[in-house]
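Topology and contacts: notes
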Amino acid sequence: MKIKELYKKYSLPTYTRAGPVFVKGKGSWLWDEKGRRFLDLFPGWGVSILGHCHPGIVKAVSSQAHKLFHLPNNLYSAEQALLAEDIVKHSYPAKVFFANSGAEAVEGAVKLSRLYGEGKRYEIVTMKNSFHGRTMAALSATGQKKYKYHFRPLVPGFKEARFNDLGDLKKKITKKTVAVLLELIQGEGGVNVAQKEYIKGVHKICRSKNLLFIVDEVQTGMGRTAKLFCYEHYGITPDIMTLSKGLGAGIPVAAFVVKKSISSVITPGMHASTFGGSPFAARVSREVFNIIKKEKILDNVKIRGKHLFQTILRLKDKFPFIKEIRGMGLMLGIELSVSSYPFFEEALKRGLIINSTHGNVLRVMPALNIDKKTLDKGLDILEEVLKSKEAHSWRRSS
Ligand SMILES: Cc1ncc(COP(=O)(O)O)c(C=O)c1O
């Protein structure tokens with residue numbers, strides 16, 4: 001039976017899938033079952049930060065697979081402890097809890113906030129347009145009706161404020177508020193970048209009202225914005241940071257990182273994960289840190305990010321339907337005045353993978369080690385796509 005027929009017959013239809021069946025990847029390239037090559041400027045939805053099958057990751061995977069895959073979390077694993085050390089040494093004095101997905105990391109941060117509030121304060125202010133995952137608390141924290149509507153009743157205690165609007169945040173804070181949770185760049189919400197003054201203001205409010213400042217770095221973390229963590233651009237340190245996606249560069253792993261000074265609110269038995277921080281995932285994640293350092297990935301993100309931004313700016317002059325370009329490092333959103341999905345589809349037909357989000361935003365998030373030639377090739381195809389009659393005629397007939 002053909003693969004797509006198997007999907008139709010056996011898979012729960014939760015995703016809109018497009019394109020061919022992919023069988024192989026290397027660097028910024030993917031191959032389908034017919035041997036056709038695709039340039040992937042959105043590898044793994046922000047996960048595959050070192051491209052597909054980076055040799056260092058392949059080596060770490062295979063060597064750890066011969067040693068030890070899994071240990072329960074009531075035993076000690078060297079790899080997990082060393083990864084926690086890596087994270088803390090690269091961020092702030094903190095304690096780390098390991099999970100497996102972004103939503104789980106957010107769940108953990110929410111639970112810790114409830115402990116911090118000691119039963120008296122439990123409300124968390126999150127942002128309109130935000131995205132924090134699909135489990136019930138992460139979904140309740142997400143500021144987009146389209147994801148939440150069908151799943152009511154939601155977890156109580158979440159309030160939405162307008163992003164980049166300090167006045168609105170102040171209005172949403174009550175005596176019951178315990179934390180503020182936000183993405184510094186709203187990825188799924190259309191690549192909306194938090195303003196520096198706004199984040200400084202949020203930080204100040206959190207300090208003055210004894211609120212936890214939780215930064216969701218699931219998408220922006222691990223070098224995506226040319227700093228290891230996006231909060232570093234803002235001159236603040238969060239109380240809790242959530243990580244996933246690039247943390248494992250393809251292996252499921254996540255973490256929430258709690259400032260040491262508040263970490264004692266959680267005690268044994270209060271939170272757990274069977275798979276979280278397995279020796280296997282931890283070893284691979286440690287290799288991600290090694291490679292970021294060894295291959296000077298942050299420098300590459302800075303240089304390529306600048307080039308990406310400037311090239312797309314030039315495209316903006318050519319195509320009046322490009323409204324705005326937003327982003328940081330190698331995380332870029334191109335807001336169109338028309339639907340973006342036909343452009344995603346046309347790009348796929350032409351062998352280029354990008355993303356369409358929020359109805360009218362094209363998202364480009366290449367591997368952080370992409371070279372100039374490959375990026376330029378992708379940008380050339382993107383220009384052809386923006387020009388193409390097909391994407392535009394689809395738009396007219398839709
Ligand atoms: C900022 C942010 N937080 C949380 C999540 C949820 O992550 P996961 O799908 O791994 O649960 C995502 C996923 O896109 C995300 O972008």
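Keep in mind that what you see is a predicted model, and the values were worked out from it rather than measured.

1. Looking at a nonpolar patch on the surface
- A cluster of nonpolar side chains, namely I3, L6, Y7 and Y10, defines an oily patch on the protein surface of about 390 Å² accessible area.
- With respect to the element layout, L6 can be found in helix α1 (residues 3-10).

2. Considerations on the packing of helix α10 (residues 297-318) against helix α12 (residues 372-387)
- Across the interface, α10 lies against α12 with an axial gap of 11 Å and an inter-helix angle of 20°. Classified by the angle their axes make, α10 and α12 are roughly parallel. In the crossing of α10 with α12, the sense of the turn from one axis to the other is right-handed. Seen from α10, the contacting residues are R304, H307, L308, T311, I312, L315 and K318; seen from α12, they are K372, L375, D376, L379, L382, E383 and L386.
- Here the contact of α10 with α12 is built from residues that sort into 7 nonpolar, 2 polar and 5 charged.

3. Focus on the pairing of strand β14 (residues 331-336)
- Counting buried positions along β14 yields 6 of 6 residues, so the element is predominantly enclosed.
- What you see with β14 is no split at all: M331, G333 and E335 on one side and L332, I334 and L336 on the other are buried throughout.
- Across 6 bridges, strand β13 (residues 322-328) lies against β14 in antiparallel orientation. Paired with R326 across the bridge in β14 is G333.
- Where β13 hands over to β14, the hairpin turn is made up of 2 residues, of which G329 adopts a positive phi near 55°.

Rules used in this analysis
- By convention here, each chain's residues receive numbers from 1 onward along its written sequence.
- Two thresholds apply to this predicted model, a pLDDT of at least 70 for residue-level local features and 80 or more for giving and counting side-chain atom pairs, whereas whole-chain, interface and lining totals are computed over all residues.
- As a rule here, side-chain values come from all non-hydrogen atoms in the structure, and water together with hydrogens is ignored.
- Residues enter patches when their relative accessible area tops 30% and they take part in no salt bridge; the joining distance is 9 Å for like charges and 5 Å for the nonpolar side chains Val, Leu, Ile, Met, Phe, Trp and Tyr.
- Reported accessibility uses the Shrake-Rupley method at a 1.4 Å probe radius. Residues are deemed covered only where the shown protein chains occlude them.
- Think of a salt bridge as a Lys or Arg side-chain nitrogen and an Asp or Glu carboxyl oxygen that are within 4 Å of each other.
- Secondary structure elements are taken from DSSP: a helix is a run of H or I of four residues or more, a strand is a run of E of two residues or more, and numbering for both begins at the N terminus.
- Only C-alpha atoms enter the line fits that serve as axes; for helices the fit covers just the stretch in contact. Angles between N-to-C directions range over 0 to 180 degrees.
- Every angle not falling under 35 degrees, over 145, or within 65 to 115 is termed oblique; those three ranges are roughly parallel, roughly antiparallel and roughly perpendicular.
- Handedness of each helix crossing follows the sense of rotation of the near helix against the far helix: counterclockwise by less than a right angle gives left-handed, clockwise gives right-handed.
- Should any heavy atoms of two residues lie within 4.5 Å, those residues are considered in contact.
- When residue character is reported, Ala, Val, Leu, Ile, Met, Phe, Trp, Tyr, Cys and Pro are called nonpolar, Asp, Glu, Lys and Arg charged, and the others, Gly included, polar.
- Exposed residues in this analysis have more than 50% of their type's maximum accessible area, buried residues have under 20%, and partly exposed residues fall in between, with area computed by a 1.4 Å probe over protein chains only.
- One requirement defines pairing of two strands: DSSP has to find at least two bridges between them.

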